[in-house]
Amino acid sequence: MHEMALAESILNIVEETARNQAATRVTGLRLEIGELANVESEALQFCLDVVLRGSLADGAQVEILTIPGQGQCLECGAIVRLSTLYDPCPQCDGYPVRPAGGQEMRVKDIRVE
Amino acid sequence: MCATCGCGINETGSHSHGHDHPHDHAAEGRLISIERDILAKNAGFAAGNRRLFTERGVFALNLVSSPGSGKTTLLAQTVQTLREEFPVAVIGGDQQTARDAERIQAAGAPAVQINTGKGCHLDAHGVGHALEQLPIPEGGVLFIENVGNLVCPADFDLGEADKVVVLSVTEGEDKPLKYANIFSAARLMLLNKTDLLPYVDFEVERCLEYARRVNPDIQILQLSARTGDGMVAWLDWVRQGQQAVLAQQISRLEAELTSARARLAVSGR
């Protein structure tokens, strides 16, 4: 359940930014999570709900934007959509496909008052 | 859709989620762009550890596996041999007890245990503090034995040179697919307990194919830490890594020496 550690890291980033900007409240938070990243969005939402309570971002609207997975097939060379690390290439049905995007975990922006 | 609860209703109005902070869907206030990696703080600590390893010529390995894969037995056998050749040290992560560190110390290497409590992984900050309690194995090898868990440690860089994933033949051969992130992040996979192959339904070739499917660059060694079968290849792999780090340290020091001599020559004119 490392989503709790991720949620705490997110809160750190959010509070640090909000304080630097002299904001009194964070009302919105957007995250970018790659489809191939090692994180369960539902679990992260749950942990954020717990971690944000009593903070500057208590009650903030959390939005998780999914960045689609992408990879290059080492068999045919095509750049393809990849939704798991073990899927075959949708074009040639070959293996392996080396991931080339969709593993990000970023805090995109916050909305403050 | 409401991003907080995933509901499709009430797109613009306010609603509650069954606890005490109803929220408003209407956007207002200032938008501040951040675009920062969620694990940036851990990455900063990991970079600090990595700098220390580079300066002191330490080849650091992060060993990950599920519980019961035989990591501690493997490490005890490994340090028993390698400590005769160069300094070795071990940092062990477990939720409770110092049993693993005691087993490593019994094998003759300095070891420190990090108890993560409820935590499911080691992080770079904790490893940095553990390093303060340990003689740094200068010119040698540091083994970091992560918490037995194939999920969470995948994301947390500790400053290591390489991740080594240990899988035993008493587990499912499809683990590389089920826990793809950790196999994808590893440089080397050790297939342990091969002495038990006659007694279990484990198709080695299929398992290796799965590992290569999620990580085309992964190196694979098969061994039994209990019987010692295959241990030579693993020990050689570690020795090669240690020698590569030493070679890098020598070229770095030579470059420093050259520039110091050049400065001396200029100021002596």
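See above for the structure.
Residues numbered from 1 in each chain as written. Chains lettered and ligands numbered in written order. Predicted model: local features only at pLDDT ≥ 70, side-chain atom pairs only at ≥ 80, totals over all residues. Heavy atoms only, no water.

J.: Please set out the side chain of A:Glu32 residue by residue, giving values where relevant.
T.: Mapped onto the elements of the fold, A:Glu32 is located in strand E1 (residues 26–34). Note on A:Glu32: relative accessible area 11%, which makes it buried. The residues contacting A:Glu32, other than those within four sequence positions of it, are A:Leu65, A:Ile67, A:Glu104, A:Met105, A:Arg106, A:Lys108 and B:Glu35. (Helix = DSSP H or I, 4+ residues; strand = E, 2+ residues; numbered from the N terminus. Buried < 20%, exposed > 50% of the residue type's maximum accessible area, 1.4 Å probe, protein only. Contact = heavy atoms within 4.5 Å.)

J.: How would you summarise the environment of B:Ile34 if you had to cite specific residues and measurements?
T.: With respect to the element layout, B:Ile34 can be found in strand E3 (residues 30–37). With relative accessibility at 15%, the residue B:Ile34 sits in the buried group. Sequence separation between B:Ile34 and B:Leu150 is 116 residues, and the spatial gap between their C-alpha atoms is 30 Å. What B:Ile34 contacts, discounting residues up to four positions off in sequence, is A:Ile13, A:Thr17, A:Val107, A:Lys108, A:Asp109 and A:Ile110.

J.: Account for the sheet that holds strand E6 (residues 105–112) of chain A, naming residues and giving values.
T.: Spatially, 4 strands are ordered E2(A)-E1(A)-E6(A)-E3(B) in an open sheet, and the strand pairing comes out mixed. Each end of this open sheet is capped by a strand with a single partner; those strands are strand E2 (61–67) of chain A together with E3 of chain B. When the angles between neighbouring strand axes are averaged without regard to direction, this sheet yields 15°. Pairing analysis gives 7 bridges linking E1(A) to E6(A), with the strands arranged antiparallel. Of the residues in E6(A), the one forming a bridge with A:Arg30 is A:Asp109. Against the sheet, helix H2 (residues 41–52) of chain A contacts E1 and E2 of chain A, and its axis sits at roughly 155° relative to E2(A). (Pairing = 2+ DSSP bridges. Axes fitted to C-alpha atoms, helices over the stretch in contact; angles between N-to-C directions.)

J.: If you had to explain the nonpolar core to someone new, which residues and values would you point to?
T.: A:Ile10, A:Leu29, A:Leu31, A:Ile33, A:Leu44 and A:Ile110 are the most contacted members of the largest nonpolar core, which has 33 residues in total. Counting only elements with at least two residues in this core, the list comes to helix H1 (3–20), E1, H2, E2 and E6 of chain A together with E3 of chain B. With residues up to four places along the chain from it excluded, the contact list for A:Ile10 reads A:Leu29, A:Leu31, A:Leu44, A:Leu48, A:Val107 and B:Ile38. Counting 31 residues, the second-largest nonpolar core is a separate cluster that includes B:Leu74, B:Val88, B:Leu188 and B:Trp237. (Core = buried A, V, L, I, M, F, W, Y, C linked by side-chain atoms within 4.5 Å.)

J.: Can you explain the pairing of strand E4 (residues 59–65) of chain B? Please cite residues and give values.
T.: Within E4(B), 7 of the 7 residues are buried, which leaves it mostly tucked inside the rest of the structure. With burial as the criterion, each face of E4(B) is covered, one bearing B:Phe59, B:Leu61, B:Leu63 and B:Ser65 and the other bearing B:Ala60, B:Asn62 and B:Val64.

J.: So what about the interface of chain B and chain A? Which residues, and what values?
T.: Each partner contributes residues to the interface: chain B has 38 residues there, and chain A has 44 residues. A buried area of about 3700 Å², summed over both sides, lies between chain B and chain A, and 54% of it is on carbon and sulfur atoms. On the chain B side of the contact with chain A, B:Arg30, B:Ile38 and B:Arg213 bury the most area, a combined 19% of that side's loss. Summed over the shared surface of chain B and chain A, the number is 4 salt bridges. Summed over the shared surface of chain B and chain A, the result is 15 residue pairs in polar contact (both at pLDDT 80 or more). For the side of chain B that touches chain A, the elements supplying multiple residues, two or more each, are strand E2 (23–24), E3, helix H6 (180–185) and helix H7 (204–214) of chain B. Here the residues of the side of chain B that touches chain A are counted per class, giving 16 nonpolar, 10 polar and 12 charged. Two elements, E6(A) and E3(B), share 6 bridges in a ladder whose sense is antiparallel. Looking at E3(B), one finds that A:Val107 is bridged to B:Arg36. (Buried area = accessible area lost by both parts, 1.4 Å probe. Salt bridge = Lys/Arg side-chain N within 4 Å of Asp/Glu carboxyl O. Polar contact = N/O pair within 3.5 Å; in protein donor to acceptor, adjacent residues only side chain to side chain. Nonpolar A, V, L, I, M, F, W, Y, C, P; charged D, E, K, R; others polar.)

J.: Hey, could you go over the pattern of salt bridges for me, with residue numbers and the actual values?
T.: Scanning the model with the defined rule gives 24 salt bridges over all chains in all. In this structure, A:Lys108 and A:Glu32 form a salt bridge, with 3.9 Å as the shortest nitrogen-oxygen distance. Here the residue A:Lys108 occupies a position in strand E6, and A:Glu32 occupies one in strand E1, the gap between them amounting to 76 residues. Note that B:Asp174 and B:Lys178 form a salt bridge whose closest N and O atoms lie 3.7 Å from each other.

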